[in-house]
Amino acid sequence: MSYTKKDLITTSNLTKDEIFHFLNLAKEFKTLNNSDVKKAKSLYGKTTVNAFFENSTRTRTSFEIAAKRLGADAINFSSSQSSTKKGETLIDTINNIVAMKTDIVVVRHYSSGAAKFVAANTDAHVVNAGDGLNEHPSQALLDLFTILEHRGNLENLTVAIIGDIFHSRVARSNIYAMQTLGIKVKLFGPPMMLTGMEAFGCRICKSMQEALEDTDVIIMLRIQLERQDDEVAFPSVREYSNFFGLTRAKMKFAKDNVMILHPGPINRGVEINSDVADDPRYTHILNQVENGVAVRMAILHTLISNKQG
Amino acid sequence: MTTLIKNATIINFNETKKANILIEGETIADITTDEPKADIIIDASGKLVMPGLIDMHVHFRDPGLEYKDDINSGSESAVAGGVTTCLPMANTNPINDNAVITRDMIAKAKARGLIDLLPIGAITKSMGGNKVVEMGDMINAGAVAFSDDGLPVASSDVMRYALEYSKHFGSFVINHSQDCSLCRGGHMNEGRVSAILGIKGMPREQEEIMVSRDLLLAKLTGGHIHIAHVSSEWSLKLIKQARDEGINVTCEVTPHHFTYTEDELMNYDTNFKMSPPLRTKSDVTAVREAIANGLVDVIVTDHAPHHDDEKFIEFDKAPFGILGLQTLIPLTLNLVRDGLISYEKMVELTSTNAAKMLNLKNKGVIAKGMLADLVIVDPDMEYVYDKNLNKSKSSNSPLIGKTLKGAAVKTIKSGKVVFDFPNVVA
């Protein structure tokens, strides 16, 4: 079954079939991306705007490339240039963008719920490219796509998400999608980064060993220092690295064929050491980046198809 | 001018009886089964007549933020909700921390003439938390209690002095119980829902820590501490223990805290964003039990208007607070319908106890010689609370557009009809 909603805001309401719709479509677009002429026409004549109210390099670029490869005119808009600096509200800014006959708005915003708020108050298709601590659905889909591509299926999997779970929108979107697919999800991190996480029904691990043992995929998360302005910081990055970072020594607890993912950007030597991050036996980080374009093409293509259908 | 309310089912805190109420001028001249002649006859058949409600916790945003509400629109909202006496909090702009502003607020309310406005002065100058206001001067000007509501008084020393000083003048202190060092920049209750939404939360212990401190300071000073908008199960436990030990503590709860849980926030609806935040089912149950078992002294609205534009925004940027005056009666009647309280207890919680606490000897009871502040309530009337009924300049209520049951159909202030529900004959 294809995806028929106007927007893509969350993975929490995706069915198994809808997830596989995106993954199967992404596979086709990845084939296209690996061909000499990386161009399709499904968004020809359409306009997408990447409305980014928070800094981003890879996600914004990924959406931009995705839109252009589908033939769209892709416009980038960042808050440093925006009217919000002049006091305009978020919804007024979006409505002005939409008034210029924009078909898809890709929104990144520092407030949880912002993408949902925008989607509910505009006629354009809205893609959530990360809202506060809440969700980052395209990242979850590209993670699943990367796992599927490498392993050939998503059956009987155990995934450990390790690090700053509380502040991670990647974690939330992955948890929802993975649980829908029957994937077991384990969580591990320092207590101040696990606040309330039992709400998701995942196994909360007490040690790195517990997190790594019998795990098929490790998703390492970055410490979101920029999201902790009002909080008592954890004692030190050095200590974090010792207890919660992934090192060669700790990999002895992991399966030989374990996959390591990271949504980036990596803080080398903090959440993951370079000798692990760059080990071709484990790491799939650059595959994720590559697959991100194909997954985002699948998302944009699907939303426009819905409009035309 | 005389008014006769006939066929009234009179609800007092201690009894319910059918009788006629004769009003002469501003006061109740008689409660009688006779039918004396009067200039105006109001037939209250099938309705309840209660003492005018006293709301000890409102924000009228006047002076300074009149675009949200002002004393005039606040007064209109009040009487449309059956409220004839309001205590506005001090977080105006400028802050009500001196006698001049207190007098000005009272004068403006008197000029409109719909309600009695009894200002709550700030505890500290500019609500800065450092220097206690001139409480004596402000009481002479008409202030009835002191609160930095919206902000807690962080300094234990300042709070101690405020309790001692207010006690000297026979007044009391209301604290917004919040240990802000435990806030984490929170926008809602910390727990399951905040984790799911990715919104930073405020643990209930933040409230409970401050309640504990203030109870201990009341023990130390013998002053009267009134705990505002209690929202947590443990706060209530602490208050009960303190009261059992003889500490001079009273407390209030709001309709939203006995009606809604944090689950309402799952859609990031900013009209459910308030401080203290909506909490869990166990907290709501505890608040309801505390109402039923007599621990709660008064129900207040914490009426907090914010302009539509301020709430139509990202959740974490939106201000805390919702409207309350016009939904006080229907939400409180739900407690009666649910069998938690009687009509008499409802009157006690919404009028009589406040009158006692504020030493308002002519209010809170329907009896001969009392001020004729009355509300005629139809407990069964169903209606849509829409923007036409809403008297506030703001519309930040999650109940706007919803069907409510029970309303003030006629409000009488000092003998004069000051509100009629549209198209309803009472």
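Here is a short report on the structure shown in this document. Here the structure is a predicted model, which means the values were calculated and not measured.

Residue and element names in this part refer to chain A. Read from one edge of the open sheet, five strands run E7-E6-E5-E8-E9, paired in parallel fashion. Only two strands of the sheet have a single partner each, and these edge strands are strand E7 (203–204) and strand E9 (259–261). Bridge count between strand E8 (residues 217–220) and E9: three bridges; the pairing is parallel. Bridge pairing in E9 links Val217 to Met259. Lying on the sheet, helix H5 (residues 137–151) is in contact with E8 and E9; it crosses E9 at an angle near 160°.

Now for the interface of chain A and chain B. The partner chain B presents 19 residues to the 28 residues of chain A that form the contact. Summed over both partners, the interface of chain A with chain B comes to about 1,800 Å²; 56% of that surface belongs to carbon and sulfur atoms. The tally of links from chain A across to chain B stands at zero salt bridges. Here chain A and chain B share seven residue pairs in polar contact (both at pLDDT 80 or more) between them. Elements with a contribution of two residues or more to the side of chain A that touches chain B: helix H3 (90–99), helix H4 (114–120) and helix H6 (169–180) of chain A. Take the side of chain A that touches chain B: its biggest share by element is three residues, from H4(A). Partitioned by chemical class, the residues of the side of chain A that touches chain B number 12 nonpolar, 10 polar and six charged.

Moving on to the nonpolar core. Ile5(B), Ile21(B), Val49(B), Ile225(B), Ile291(B) and Leu374(B) are the most contacted members of the largest nonpolar core, which totals 113 residues. Beyond its immediate stretch of four places on either side in the chain, Ile5(B) contacts Ala19(B), Asn20(B), Ile21(B), Ile23(B), Ile42(B), Ala44(B), Val49(B), Leu374(B), Ile376(B) and Ile412(B). If you look at the next biggest cluster of nonpolar residues, it comprises 66 residues, including Ala40(A), Met297(A), Ala298(A) and Ile304(A).

All right, on to H6(A) then. In an α-helix, one turn spans 3.6 residues; hence positions three or four apart end up facing the same way. Residues and elements named next belong to chain A. Relative to the 16 Å expected for 12 residues at 1.5 Å per residue, H6 spans 17 Å between its end C-alpha atoms, a close match to the ideal helical length. Buried residues dominate H6, accounting for 10 of its 12 residues. Among the residues making up H6, those that are buried are Arg169, Val170, Ala171, Arg172, Ser173, Asn174, Ile175, Tyr176, Ala177 and Met178. The distance from a side-chain oxygen at the start of H6 to the backbone nitrogen of Val170 is 3.3 Å, and the residue carrying that oxygen is Ser168. Positive phi shows up at Gly182, right after H6, with a value of about 85°.

Applying the stated criterion across every chain, the model contains 34 salt bridges over all chains. Between Lys255(A) and Asp216(A) there is a salt bridge; the shortest N-O distance is 2.7 Å. In this pair, Lys255(A) sits in the loop between helix H8 (237–244) and E9 while Asp216(A) sits in the loop between helix H7 (208–212) and E8, placing the two residues 39 residues apart along the sequence. Owing to a relative accessible area of 32%, Lys255(A) belongs among the partly exposed residues under this scheme. Take Asp216(A): its relative accessible area is 4%, and that puts it in the buried class. In this structure, Lys387(B) and Asp308(B) form a salt bridge, with 3.9 Å as the shortest nitrogen-oxygen distance. Highlighted residues: Lys387(B) in the loop between strand E17 (374–384) and strand E18 (403–413) and Asp308(B) in helix H10 (residues 308–311), separated in sequence by 79 residues. If you follow the salt bridges from partner to partner, you end up with Asp116(B), Lys363(B), Asp373(B) and Lys413(B) in one network.

All names here are of chain B. Note that the residue after Asp62, namely Pro63, is joined by a cis bond; omega there is 15°. Its place among the elements puts Pro63 in the loop between strand E6 (53–58) and helix H1 (71–80). Cis geometry marks the peptide bond from Asn93 to Pro94; its omega dihedral reads 5°. Residue placement: Pro94 occurs in the loop between strand E7 (83–88) and helix H2 (99–112). Residues other than glycine seldom take positive phi values, yet Tyr268 does so here, at roughly 60°. Considering the arrangement of structural elements, one finds Tyr268 in the loop between helix H8 (255–259) and helix H9 (281–292). Here the phi dihedral of Ser414 falls at roughly 50°; this positive angle occurs in a residue that is not glycine. If you trace the backbone, Ser414 turns up in the loop between E18 and strand E19 (416–420).

Below, the discussion takes up the environment of Ile19(A). All names here are of chain A. Position of Ile19 among the secondary structure elements: in helix H1 (residues 16–33). By relative accessible area, Ile19 is classed as buried at 0%. Separated by 21 residues in sequence, Ile19 and Ala40 place their C-alpha atoms 22 Å apart. Excluding anything up to four places from it in sequence, Ile19 contacts Leu14, Leu141, Leu144, Ala177, Thr180 and Leu181.

Parameters and conventions
- Residues numbered from 1 in each chain as written.
- Chains lettered and ligands numbered in written order.
- Predicted model: local features only at pLDDT ≥ 70, side-chain atom pairs only at ≥ 80, totals over all residues.
- Heavy atoms only, no water.
- Pairing = 2+ DSSP bridges.
- Helix = DSSP H or I, 4+ residues; strand = E, 2+ residues; numbered from the N terminus.
- Contact = heavy atoms within 4.5 Å.
- Axes fitted to C-alpha atoms, helices over the stretch in contact; angles between N-to-C directions.
- Buried area = accessible area lost by both parts, 1.4 Å probe.
- Salt bridge = Lys/Arg side-chain N within 4 Å of Asp/Glu carboxyl O.
- Polar contact = N/O pair within 3.5 Å; in protein donor to acceptor, adjacent residues only side chain to side chain.
- Nonpolar A, V, L, I, M, F, W, Y, C, P; charged D, E, K, R; others polar.
- Core = buried A, V, L, I, M, F, W, Y, C linked by side-chain atoms within 4.5 Å.
- Buried < 20%, exposed > 50% of the residue type's maximum accessible area, 1.4 Å probe, protein only.
- Expected span 1.5 Å × (residues − 1).

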